[in-house]
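Topology and contacts: notes
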Amino acid sequence: MNRAEALSLVKPHLTEKRYEHTIRVLNTALTLAERYGVSKKQTELAAIFHDYAKYRPLKELKHWIETTYLPKDLLQFHHELWHGPVGSILIEFEHGIKDEEVKTAIYYHTTGRKDMTPIELIIYVADYIEPGRNFPGLDDVRNMAERDILKAAWMISRNTINFLMSKNQPIYPDTFHAYNDLTKKVY
Ligand code: DGI
Ligand code: FE
Ligand code: FE
Ligand code: FE
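Now for a look at the structure at hand. Bear in mind the structure is a predicted one, so any value in this text is a computation, not a measurement.

So, on to the layout of surface pockets. Within this model, the largest pocket holds a volume of roughly 770 Å³. Along the wall of the largest pocket there are 26 residues; nearest its centre are Glu-80, Thr-110, Thr-160, Phe-163 and Leu-164. Only α7 (118-129) and α9 (149-166) provide two or more residues apiece to the lining of the largest pocket. A per-element tally of the lining of the largest pocket places α9 first, with 5 residues.

Glancing now at the site of ligand 1. Neighbouring residues of ligand 1: 18 residues in total, closest Arg-18, Lys-54, Thr-110, Tyr-172 and Thr-175. Between ligand 1 and Lys-54, the relevant distance is 2.6 Å, taken from an oxygen atom to a side-chain nitrogen or oxygen of the residue. Between ligand 1 and Asp-127, the relevant distance is 3.1 Å, taken from an oxygen atom to a side-chain nitrogen or oxygen of the residue. At a threshold of 2 Å from the grid points, most atoms of ligand 1 map onto the largest pocket. Only α2 (16-36) and α9 provide two or more residues apiece to the shell around ligand 1. Considered class by class, the residues forming the shell around ligand 1 number 5 nonpolar, 7 polar and 6 charged.

With that out of the way, let us pick up the nonpolar core. Counting 58 residues, the largest nonpolar core has Phe-49, Val-86, Val-125 and Val-141 as its most contacted members. Not counting residues up to four positions away in its chain, the partners in contact with Val-86 are Ala-53, Leu-61, Trp-64, Ile-65 and Leu-70.

Rules used in this analysis
Residues numbered from 1 in each chain as written. Chains lettered and ligands numbered in written order. Predicted model: local features only at pLDDT ≥ 70, side-chain atom pairs only at ≥ 80, totals over all residues. Heavy atoms only, no water. 1 Å grid on protein atoms, 1.4 Å probe; cavity = no way out; pocket = protein on both sides within 12 Å on 5 of 7 lines; lining within 4 Å. Points joined across faces, edges and corners; volume = space filled by probe spheres on them. Helix = DSSP H or I, 4+ residues; strand = E, 2+ residues; numbered from the N terminus. Near = heavy atom within 4 Å. Polar contact = N/O pair within 3.5 Å; in protein donor to acceptor, adjacent residues only side chain to side chain. Sits in = over half its atoms within 2 Å of the grid points. Nonpolar A, V, L, I, M, F, W, Y, C, P; charged D, E, K, R; others polar. Core = buried A, V, L, I, M, F, W, Y, C linked by side-chain atoms within 4.5 Å. Buried < 20%, exposed > 50% of the residue type's maximum accessible area, 1.4 Å probe, protein only. Contact = heavy atoms within 4.5 Å.

Right under this line is the structure:
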């Protein structure tokens, strides 16, 4: 599937702002793919579809979790965590995309996980550092992403956990698994 086709499939499912975010994630991810020697074709597809399921009604997201192999514990956590896993299922079901590397990059883009693949790291990092974002400490992460993607991903997982804890929010196990695994790898 080429870029124009993928974009035309995603656009009707997103708001204008989310579509613009998707384009910025795409451009950021392609720069990282070049830098780290990851397939541009796979990175392109994963970036374009990463938020594909973001605006599905909660009832529909819940249905996909209940009726597929997705882990049921997702339902005990914030619904913001559902669109990655469900998106990875929908791109195959609705558009025949079976590429497992593309699918897991979409699946884990919000939480990360233990032993993230290179394309998973790229989408996870690109989603956080794209030029439209404005998190505290973001310039440090942007600079690190050019030098050491593992360290950049570690900073993101640490920042995300710190942010969630400051809001007294529950933290999904994969979010901790990402942080623990990256900490062991970068220190
Ligand atoms: O879809 P995007 O807005 O582009 O970005 P995203 O899919 O990375 O979603 C980010 C949101 O998910 C952000 O508000 C933090 C939240 N999040 C990430 N990990 C966890 C989490 N929320 C909870 N409750 N628990 C987590 O482990
Ligand atoms: Fe997302
Ligand atoms: Fe993210
Ligand atoms: Fe996103």
